[in-house]
Amino acid sequence: MRKILCILLTVVVFGLTISSAVSMSYVAAATDSEDTTSVYNAFWDILNREAMLVLEAQEGNTTAAQELITNSREGEKNAAQISALVWEALEELDSSGVKLYYTEEELRGMAQEIKQKGLPSETVKTLREQGWSDGEIQALQNYIIQNADNITGDFNMSEFLENFSTAFVKVGFKYAHYETFGLEKWKWGSTENFTGNLPQDVSINPLLAEEWVNFYKAYLERNSTELEESIEVLSSRTYALLTSHSSFKARAELLRNGSLILRHETVTGVDFYSNGFAVIKTSSDYDDWRNLKKVTVTDTYYWPAALRTYNLTRQVYVIVMAMNQGNDNPELWWILNQKVDELKEALKVYVSESVTEKPLKIKPSLPPISIEPPKQPIGTLSSSGGSLSTQSTSEAPTTLKPTEVERKTLDPYTQEGILNAGVSVIPVEVTDSFIQYQVVVSMKAKNNVVTDVRISVHGTGLSDSGEIGMIHPDDGEVDWTSSISDKVRGSNQVIVSGKVKITYTSNSGPTPNSIRDPPYPR
């Protein structure tokens, strides 16, 4: 079975064959080990099984749907491992001094040499060692020869491997999608929609509050080890909740489109014990034990994005797993920032509460009721059930004061700033023999301010960067314009390409006043 860094075949699909043929042997050497080979081989095994299980689950096979969940989890882990291996290969290539950037002129020269003499013997040997047949090698050589005169633009192997590494994180996201699909096909047979009016109260799902807080603390501290542990706990608890696991004292009513209603009951009147005694829990004044009542509080949570929440926990798991496996690409943190914002939004539930009272019928044959002084219930987070509960204590009443981090983490109305961006290429000068252009990046903040906005542009004949201190939602669309490119030459038609990267810091809490005094700094 080929290694995943028989990138050559993938590169052929992208039309980048020439440079990869030269760089292939170095990439393979950088990642060649028994352990990594097993990871690459597992990729194809998992992928083939995934395709089969998706079809069977689609046809209503619930056993296949459950197997799809397990296989998808293996795929998420495998994709994260490969993402890290590709990144590590890139770092080794960078440190080894291997040439990774090829100009269009160099690529054309290499292609013409292959056209005249065939693939270099070293490249052929490397491909054979990786499992390529002679027929496949010949097909590759024919492809290069046929396209030798059609090469345009430079090729950056470093950039390609960086993007390839990030692409495998997105492969992990696809597995997360199919895992959620399997869960839906296994459990969600309902076609019912939510009916009635939405309650006014909104909160982060109280049944997952403790797990969410623990994860968010690790996220703020950028503690990758605790991040992995806490996202696994949050994901598994979400899974248990969606599958009505007995560890949750909540009843789930599944609705269509991955939403559900949860009902969580708490008895606040009395506790019964095996000896037949009842202990009063509320602060009501019971002068006559014959009038005791059982008070049941039912919290109902409508959770529109229940399945999406689970999907996002798996996506976050892929990112964190790739980081901990060795992928040090800062871009993963930017992707994680977005996914954490989406996860918090998905965790929101609409809350309503109802109270019922039922008289307690005390039989004379039972032992007498032990009436204790009323105690102030204290709200706590129960680690066993992950739900908000009340407990009695003989100590003086106290008030729980959540930390500022916990308060913001559990506040469903805390809005994180999000930056939406669009890119335009503007011709500056066009002639019969060359073109010059500029890149305009249009940005708009949503929900809250974003700060430390940094833009970098790398394209054909153009490299530029700039910074903007803060963008406020009230500022509307803010444009950043690059410098003018070099003359990009061509005959009749010129194709330019490049990459625009934007990073920023998302802000939450009270929104400050907007900055409206142009010009914005570049």
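Summary of the structure given here. (Residues numbered from 1 in each chain as written. Predicted model: local features only at pLDDT ≥ 70, side-chain atom pairs only at ≥ 80, totals over all residues. Heavy atoms only, no water.)

Re the pattern of salt bridges
Oppositely charged side chains may form a pair once their charged atoms are brought near each other.
For step 1, the next point in the chain: Overall, the coordinates contain 15 salt bridges when judged by the stated rule.
For step 2, the next point in the chain: One salt bridge connects Lys501 with Glu162, and the closest N-O pair in it is separated by 3.4 Å. Of this pair, Lys501 sits in strand 18 (residues 498-506) while Glu162 sits in helix 8 (residues 157-187), and the two are 339 residues apart along the sequence.
For step 3, the next point in the chain: With a closest N to O distance of 3.4 Å, Glu211 and Arg237 form a salt bridge. Of this pair, Glu211 sits in helix 9 (residues 209-221) while Arg237 sits in helix 10 (residues 224-242), placing them 26 residues apart in sequence. (Salt bridge = Lys/Arg side-chain N within 4 Å of Asp/Glu carboxyl O. Helix = DSSP H or I, 4+ residues; strand = E, 2+ residues; numbered from the N terminus.)

Details of the packing of aromatic side chains
For step 1, the next point in the chain: One pass over the structure, following the stated rule, counts twelve aromatic pairs.
For step 2, the next point in the chain: Taking the centre distance of 5.9 Å and the plane angle of 50° together, the rings of Phe155 and Phe160 count as tilted. For the pair shown, Phe155 and Phe160 are each scored as buried.
For step 3, the next point in the chain: An aromatic cluster is present here, built from Phe43, Trp44, Phe155, Phe160, Phe164 and Phe168 joined pairwise through their rings.
For step 4, the next point in the chain: Lying over the aromatic face of Tyr102, Lys99 brings its terminal NZ or CZ to 5.4 Å of the ring centre.
For step 5, the next point in the chain: Of note, Lys187 hangs over the ring of Trp186, and the distance from its end group to the ring centre comes to 4.7 Å. (Phe/Tyr/Trp six-rings, centres within 6.5 Å; stacked < 30°, edge-to-face > 60°. Buried < 20%, exposed > 50% of the residue type's maximum accessible area, 1.4 Å probe, protein only. Lys NZ or Arg CZ within 6 Å of the ring centre and 35° of its normal.)

Notes on the pairing of strand 15 (residues 462-471)
Successive residues of a regular strand alternate their side chains across the two faces of the sheet.
For step 1, the next point in the chain: With nine bridges joining them, strand 14 (residues 450-459) and strand 15 adopt antiparallel strand pairing. Directly across from Arg454, in strand 15, lies its bridge partner Glu467.
For step 2, the next point in the chain: Between strand 14 and strand 15, which follow one another and run antiparallel, lie two residues, and Gly461 among them has a positive phi close to 70°. (Pairing = 2+ DSSP bridges.)

Describing unusual backbone geometry
For step 1, the next point in the chain: In this structure, Arg222 is a non-glycine residue whose phi angle is positive, near 55°.
For step 2, the next point in the chain: Although it is not a glycine, Asn257 adopts a positive phi angle of roughly 60°.
For step 3, the next point in the chain: Relative to the helices and strands, Asn257 resides in the loop between strand 4 (250-254) and strand 5 (260-267).

Some points on the environment of Ala250
For step 1, the next point in the chain: Along the chain, Ala250 falls in strand 4.
For step 2, the next point in the chain: Given a relative accessible area of 18%, Ala250 falls into the buried group.
For step 3, the next point in the chain: The spacing of Ala250 and Thr266 is 16 residues in sequence and 10.0 Å in space, taken between C-alpha atoms.
For step 4, the next point in the chain: Ignoring any residue separated from it by four or fewer positions in sequence, one finds Ala250 in contact with Leu207, Arg263 and His264. (Contact = heavy atoms within 4.5 Å.)

Describing the packing of helix 11 (residues 306-325) against helix 12 (residues 331-346)
For step 1, the next point in the chain: Remark: helix 11 packs on helix 12, axes separated minimally by 9 Å, with the N-to-C direction vectors making an angle of 160°. One way to sum up the angle between helix 11 and helix 12 is to call them roughly antiparallel. The two elements helix 11 and helix 12 meet at a crossing, and its hand is left-handed. Contacts between helix 11 and helix 12 involve Arg308, Thr309, Leu312, Thr313, Gln315, Val316, Ile319, Ala322 and Met323 from the first element and Leu332, Trp333, Ile335, Leu336, Lys339, Glu342, Leu343 and Ala346 from the second.
For step 2, the next point in the chain: Partitioned by chemical class, the residues of the contact of helix 11 with helix 12 number eleven nonpolar, three polar and three charged. (Axes fitted to C-alpha atoms, helices over the stretch in contact; angles between N-to-C directions. Parallel < 35°, antiparallel > 145°, perpendicular 65-115°, else oblique. Left-handed = near helix turned anticlockwise from the far one by under 90°. Nonpolar A, V, L, I, M, F, W, Y, C, P; charged D, E, K, R; others polar.)

Some remarks on the pairing of strand 14
For step 1, the next point in the chain: Looking at chain direction, strand 14 and strand 18 are connected through eight bridges and run antiparallel. Along strand 18, the bridge assignment pairs Thr451 with Thr505.

Looking at the layout of surface pockets
For step 1, the next point in the chain: In this structure, the second largest pocket occupies an estimated 1,200 Å³ of space.
For step 2, the next point in the chain: For the lining of the second largest pocket, the secondary-structure elements that each account for two or more residues are helix 9, helix 12, helix 13 (404-410), strand 12 (418-430) and strand 18.
For step 3, the next point in the chain: Sort the elements by how many residues they give to the lining of the second largest pocket and helix 12 lands first, with nine residues.
For step 4, the next point in the chain: For the lining of the second largest pocket, the class distribution of residues is 14 nonpolar, twelve polar and 13 charged. (1 Å grid on protein atoms, 1.4 Å probe; cavity = no way out; pocket = protein on both sides within 12 Å on 5 of 7 lines; lining within 4 Å. Points joined across faces, edges and corners; volume = space filled by probe spheres on them.)

Looking at the packing of helix 10 against helix 11
For step 1, the next point in the chain: The contact between helix 10 and helix 11 brings their axes to 9 Å, and the two run at 155°. Taken together, the axes of helix 10 and helix 11 lie roughly antiparallel to each other. Crossing of helix 10 over helix 11 shows left-handed handedness. In contact with Ser224, Thr225, Leu227, Glu228, Ile231, Glu232, Leu234, Ser235, Thr238, Tyr239 and Leu242 of helix 10, helix 11 contributes Ala306, Leu307, Thr309, Tyr310, Thr313, Arg314, Val316, Tyr317, Val320, Met321 and Asn324.
For step 2, the next point in the chain: When its residues are assigned to classes, the contact of helix 10 with helix 11 shows twelve nonpolar, seven polar and three charged.

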